[in-house]
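Okay, here's what each chain looks like letter by letter:
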Amino acid sequence: MPGAIYAEGLVKTFGDVRALDGVDLDVPEGTVLGMLGPNGAGKTTAVRVLTTLLRPDRGTATVAGIDVLAHPDRVRHSIGLSGQFAAVDEYLTGRENLMMVGQLYQMSGRDAKRRAGELLERFNLSDAADRTAKTYSGGMRRRLDLAAALVVSPPVMFMDEPTTGLDPRNRQALWDVIQELVAGGTTLLLTTQYLEEADRLAHDICVVDHGKVIARGTSDQLKARTGGERVEVVVHAPEHLSVADEVLRGFGKGESTIEEHTRKLTVPVAGGAKLLAEVIRELDTRGVEIDDIGLRRPTLDDVFISLTGHAAEAADESAAGDESGAGGSGGAGGAKGRGAAGGRQKEAVK
Ligand SMILES: Nc1ncnc2c1ncn2[C@@H]1O[C@H](COP(=O)(O)OP(=O)(O)O)[C@@H](O)[C@H]1O
Ligand SMILES: [Mg+2]
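A few points on the structure. For every chain, the first residue of its written sequence is number 1, and the numbers climb from 1 along that sequence. Think of it this way: whatever chain is written first is A, whatever ligand is written first is 1, and the rest follow in order. Restriction of local features to residues with pLDDT of at least 70 applies here, the model being predicted, together with a cutoff of 80 or more for giving and counting side-chain atom pairs; totals for whole chains, interfaces and linings are based on all residues. By convention in this description, side-chain values take in all heavy atoms of the structure and omit both hydrogens and water.

**Here we look at the overall build of the chain**
Definition in use: Secondary structure elements are defined from DSSP: runs of H or I of at least 4 residues count as helices, runs of E of at least 2 residues count as strands, and each element is numbered from the N terminus. Residue burial is assigned from relative accessible area. The probe radius is 1.4 Å, only protein chains are included, and a residue is buried under 20% of its type maximum, exposed over 50%, and partly exposed in between. It only takes one pair of heavy atoms within 4.5 Å for two residues to be counted as in contact. Only the protein chains shown count as cover for residues, with accessible areas throughout obtained via the Shrake-Rupley method and a probe of 1.4 Å.
Within the chain one finds 12 helices and 14 strands. In the chain, buried positions account for 49% of the 350 residues. Partitioning the contacts of the chain with sequence separation of at least 6, the portion at a separation of at least 24 is 69%. Summed over its atoms, the accessible surface of the chain is roughly 16,100 Å², and 49% of this surface lies on carbon and sulfur atoms.

Structure follows, in structure tokens:
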């Protein structure tokens, strides 16, 4: 039986651009599919087709068992979509906006009020709840929009880069709400540019590039294909790059890369913190002075390099209404592995 979201052979072109170039999807009921890909990969186009906002040139899709092309209005009744359906009314307060959505979905006045209060609290909008939305900053609008999409829990939900532009606290709040929804049986397709986020939320991940699904699997499977964790070293002097590279290759289990202008070397490893200590000792023995060293988990870029042999094209489209500057790759915790260990170890070497 096809899943709650199912698509076969979706094609959509815009002039010369094949935004979708034969996409197949199958998302079992009650699970989360993370659609991971850089800017321009076709994620939004896929979401728009599946949510009936755009007709594909070719292919078929069903959502909650309903044919998207034949019965778009029935599909719309079974789904929630952040960013599109939940249009915020500028002249209503945050609370009124959320209550209106609840009432639109036939909640009682009291239930709508309670749910609105809950969501305002979770997205840190309580203080601004009774101000009109037109006084909100870009980041607050974004959170109100997400909250509006979460007032009711439809059987199938779509979220297109929901955390782009959210600061870490609000990102965490959103992750928590999403996890509750899914625990309650909602099926979710979520697009993201961050492996870390797909890792946290998705049961399955499909990686898209140029309108095609280039890999799918669980987060562990994808990470295994990239060679897992990396050791990253910044050497103090450029003349130490080649010795350091030799050392790293000795410990690595994949290609090492050297970035000359930043004096940074990276190699995939298996072995975690213990191995890091060994690398440091060996570099020290060989007389290599280092400015920084750390372990980091694979990023979307690493996944891309190992799948396609090239980096994902620069994601330079800035996040509109960004309140944190966290739209970049540090976004979903990319720096996690490094910090503490890096700093401490560095001291140990000196
Ligand atoms: N309405 C449109 N008109 C023309 N080109 C479009 C349109 N929508 C998307 N595209 C193009 O299709 C490709 C995929 O876009 P999109 O689905 O928005 O990618 P993503 O959401 O992964 O960043 C891009 O090259 C984009 O420029
Ligand atoms: Mg997009």
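**Structural notes on the pairing of strand β2 (residues 17-27)**
To keep it simple, the criterion reads: One bridge is not enough; two strands pair if DSSP finds at least two bridges between them.
Here strand β1 (residues 5-14) runs beside β2; their pairing, made up of 8 bridges, is antiparallel. Bridge assignment links Thr13 to a residue of β2, and that residue is Arg18. Between β1 and β2, which pair antiparallel one after the other, the connecting turn spans 2 residues, and Gly15 there sits at a positive phi close to 60°.

**Comments concerning the sheet that holds strand β13 (residues 264-268)**
By definition, the strands of a sheet pair up through backbone hydrogen bonds, in either a parallel or an antiparallel sense. The following threshold applies: In this analysis, axes come from line fits to C-alpha atoms, helices being fitted only over the stretch in contact, and the angle between any two N-to-C directions falls in the range 0 to 180 degrees.
Ordered in space as β12-β13-β11-β14, the 4 strands form an open sheet in which the pairing is antiparallel. Two strands in the sheet have a free side with no partner beyond their single neighbour: β12 (257-259) and β14 (290-296). Averaged over neighbouring strand pairs, the angle between their axes works out to 15° when direction is ignored. Inspection of the sheet shows strand β11 (residues 230-235) paired to β14 by 6 bridges, in the antiparallel sense. Along β14, the bridge assignment pairs Val231 with Leu295. Relative to β13, helix α9 (residues 241-251) is tilted by about 10°, and along the sheet it contacts β11, β12 and β13.

**Section: the packing of helix α3 (residues 94-104) against helix α5 (residues 138-149)**
Angle between the axes and distance between the axes are the two parameters that describe a pair of packed helices. Applied cut-off: If an angle is under 35 degrees, it is roughly parallel; if it is over 145, roughly antiparallel; if it lies from 65 to 115, roughly perpendicular; otherwise it is oblique. In this scheme, a crossing is called left-handed if the near helix is turned counterclockwise away from the far one by less than a right angle; it is called right-handed if the turn is clockwise. Gly is placed with the polar residues, together with every amino acid not listed as nonpolar (Ala, Val, Leu, Ile, Met, Phe, Trp, Tyr, Cys and Pro) or charged (Asp, Glu, Lys and Arg).
Contact geometry for α3 and α5: axes closest at 9 Å, N-to-C directions at 25°. The pairing of α3 with α5 is recorded here as roughly parallel in orientation. In this structure, the crossing between α3 and α5 has a hand that is right-handed. Between α3 and α5, the residues in contact are Gly94, Asn97, Leu98 and Val101 and Leu144, Ala147 and Ala148, respectively. Residue classes in the contact of α3 with α5 are distributed as 5 nonpolar, 2 polar and no charged.

**Considering the pairing of strand β4 (residues 58-63)**
The side chains of a regular strand alternate, residue by residue, between the two faces of the sheet. Direction of pairing for β1 relative to β4: antiparallel, over a ladder of 5 bridges. The residue bridging Ala7 from the neighbouring strand is Ala61, located in β4. Alignment of β4 against strand β5 (residues 66-67), held across 2 bridges, turns out to be antiparallel. Paired with Thr62 across the two strands is Asp67, which belongs to β5. With antiparallel pairing between neighbouring strands as the criterion, β4 and β5 make up a hairpin whose turn holds 2 residues, including Ala64 at a positive phi of roughly 50°.

**What to know about the nonpolar core**
For clarity, the cut-off: To form a nonpolar core, buried Ala, Val, Leu, Ile, Met, Phe, Trp, Tyr and Cys residues must be joined to one another through side-chain atoms within 4.5 Å.
Of all hydrophobic cores here, the largest spans 47 residues; its most connected members are Leu98, Phe123, Leu150 and Met159. For this core, the element with the highest residue contribution is helix α6 (residues 168-183), accounting for 7 residues. If we ignore the near neighbours within four places in the chain, the residues touching Leu150 are Arg115, Leu119, Phe123, Met157, Met159, Leu174, Val177 and Leu181. Of all hydrophobic cores here, the second largest spans 28 residues; its members include Leu10, Leu20, Ala46 and Leu189.

**Focus on the site of ligand 1**
What counts is decided by this rule: For this description, a residue counts as near a given molecule or strand if any of its non-hydrogen atoms is within 4 Å of it. Between N or O atoms, a polar contact is any pair within 3.5 Å; within protein, one atom must be a potential hydrogen donor and the other a potential acceptor, and residues adjacent in sequence are included only when both atoms are from side chains.
Near ligand 1, the surroundings consist of Phe14, Val17, Ala19, Pro38, Asn39, Gly40, Ala41, Gly42, Lys43, Thr44 and Thr45. In the environment of ligand 1, an oxygen atom lies 2.9 Å from a nitrogen or oxygen atom belonging to the backbone of Gly42. Summarising the interface, the protein chains cover 61% of the accessible area of ligand 1, which totals 560 Å² for the free molecule. When residues of the shell around ligand 1 are traced back to their parent elements, those giving at least two are β2 and α1 (43-50). Ranked by the residues each element gives to the shell around ligand 1, the list is headed by α1, at 3 residues. A breakdown of the residues in the shell around ligand 1 according to their chemical character gives 5 nonpolar, 5 polar and 1 charged.

**Quick notes on helix α11 (residues 300-308)**
Taken together, the buried positions of α11 are occupied by Leu300, Asp302, Val303 and Phe304. Where α11 terminates, the next one or two residues include Gly309, which has phi positive at roughly 80°.

**What to know about the environment of Ala202**
For Ala202, the location among the structural elements is in the loop between α7 (195-201) and β9 (204-209). For Ala202, a relative accessible area of 12% gives the class buried. Sequence-wise, Ala202 and Thr218 are 16 residues apart; in three dimensions their C-alpha atoms are separated by 8.0 Å. If sequence neighbours within four positions are ignored, Ala202 has contacts with Val32, Leu33 and Gly34.

**Some points on the environment of Ala7**
One can find Ala7 in strand β1. Excluding residues within four positions of it along the chain, Ala7 makes contact with Val23, Asp24, Leu25, Leu50, Thr60 and Ala61.

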